[in-house]
Amino acid sequence: MADRTTSSITIAADRSAVMAVIADFAAYPEWAGQVKSAQVLSADAAGRPAEVRFTLDAGVISDSYVLAYDWHDDEAVGWRIAEPGAMVSGLTGGYRLAAAGGGTKVTYELAVELKVPMIGMIRRKAEKVIVDTALKGLKKRVEAA
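Reading the values: the criteria
- Throughout this description, residue numbers start from 1 for each chain and increase along the sequence as written.
- With the structure being a predicted model, the display of local features is reserved for residues of pLDDT at least 70 and the display and counting of side-chain atom pairs for 80 or more, all residues being used for whole-chain, interface and lining totals.
- Note that water and hydrogens are dropped before the side-chain values are worked out from all heavy atoms of the structure.
- Here, a strand pair is defined by DSSP locating no fewer than two bridges between the strands.
- For the purposes of this entry, the term helix denotes a DSSP run of H or I that reaches at least four residues, the term strand denotes a run of E that reaches at least two, and both are numbered from the N terminus.
- Working convention: axes come from line fits to C-alpha atoms, limited for helices to the stretch in contact. Angles between N-to-C directions cover 0 to 180 degrees.
- Contacts: residue pairs with any heavy atoms within 4.5 Å of one another.
- When a residue's accessible area, from a 1.4 Å probe over protein chains only, is under 20% of the maximum for its type it is buried; when over 50% it is exposed; and in between it is partly exposed.
- For the purposes of this section, nonpolar cores are sets of buried Ala, Val, Leu, Ile, Met, Phe, Trp, Tyr and Cys residues that join through side-chain atoms within 4.5 Å.

**Q** How should the sheet that holds strand β4 (residues 61-72) be read in this particular structure?
**A** Whether parallel or antiparallel, the strands of a sheet pair through hydrogen bonds between backbone atoms. One open sheet accounts for seven strands, arranged β1-β7-β6-β5-β4-β3-β2; its pairing is antiparallel. This sheet does not close on itself; its edge strands, each paired only once, are β1 (5-11) and β2 (35-43). Put simply, the sheet's adjacent strands are angled 20° from each other on average, direction ignored. As defined by bridge partners, strand β5 (residues 76-83) adjoins strand β6 (residues 88-100) across five bridges and the pair is classed as antiparallel. Counted as the bridge partner of Gly 78 is Gly 94 from β6. Packed onto the sheet, helix α1 (residues 15-23) meets β1, β3 (49-58), β4, β5, β6 and β7 (103-114) and runs at close to 160° relative to β6.

**Q** Is there a simple way to think about the pairing of β4 in this case?
**A** Walk down a regular strand and you will see the side chains alternate between the two sheet faces. The sheet contact formed by β3 and β4 spans eight bridges and is antiparallel. Of the residues in β4, the one forming a bridge with Val 52 is Leu 67. One ladder, built from seven bridges, connects β4 with β5; its direction is antiparallel. Note on β5: the bridge partner recorded for Ala 68 is Arg 80. Linking two consecutive strands that pair antiparallel, namely β4 and β5, is a turn of three residues; a positive phi of about 50° is found at Asp 73 within it.

**Q** I tried to follow unusual backbone geometry on my own but got confused; where do I start?
**A** Trans peptide bonds make up most of the peptide bonds, and negative phi angles are found at most residues other than glycine. A positive phi is found at Asp 73, a non-glycine position, where the angle reads about 50°. Here Asp 73 is to be found in the loop between β4 and β5. Given a relative accessible area of 60%, Asp 73 falls into the exposed group.

**Q** I keep staring at the nonpolar core and nothing clicks. Help me out?
**A** Grouped burial of nonpolar side chains is what soluble globular proteins tend to show. In this structure, Ile 22, Phe 54, Tyr 95 and Leu 138 are the most contacted members of the largest nonpolar core, which totals 42 residues. Among the elements that make up this core, the one with the highest residue count is helix α3 (residues 120-144) (seven residues). Contact partners of Ile 22, with chain neighbours within four places excluded, come to Tyr 28, Trp 71, Val 77, Tyr 95, Leu 97 and Leu 138.

**Q** For this particular structure, what's the right way to read the environment of Leu 91?
**A** Considering the arrangement of structural elements, one finds Leu 91 in strand β6. Given a relative accessible area of 8%, Leu 91 falls into the buried group. Taking the C-alpha atoms as reference points, Leu 91 and Glu 127, 36 residues apart in sequence, are found 11 Å from one another. The contacts of Leu 91, once residues within four sequence positions are left out, are Tyr 65, Leu 67, Trp 79, Arg 80, Ile 81, Leu 110, Ala 111 and Val 112.

Following this line, the structure appears as structure tokens:
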């Protein structure tokens, strides 16, 4: 099992507003820096995306793959690899949302497993860049709405 990279940020909005932006995959290329495209392939019974194909370019990690999502109301969403890419063999993670004062504390967790050998320190640094960029982009996107 890969090590997980975790980080948190507080966003000045309620959980439902934050989760609405997280669930809007078509808009990811506008705010999630490394995501070049995101296409919803299927939805669950509640209408939330169940499988999404991503094209990612994060410098040392560049690939296309499919993630499967598990939604838990506006409290959390988790994902796991459904179709590995040429480089990414495993990808798990999630967002956890908790009320914090007048806003929402968002915790993002990510673990990446690659098919190509990469020094653990470099992989963890790439994960940290992905996590930090995603949280800052999410905050900017939600608070601009």
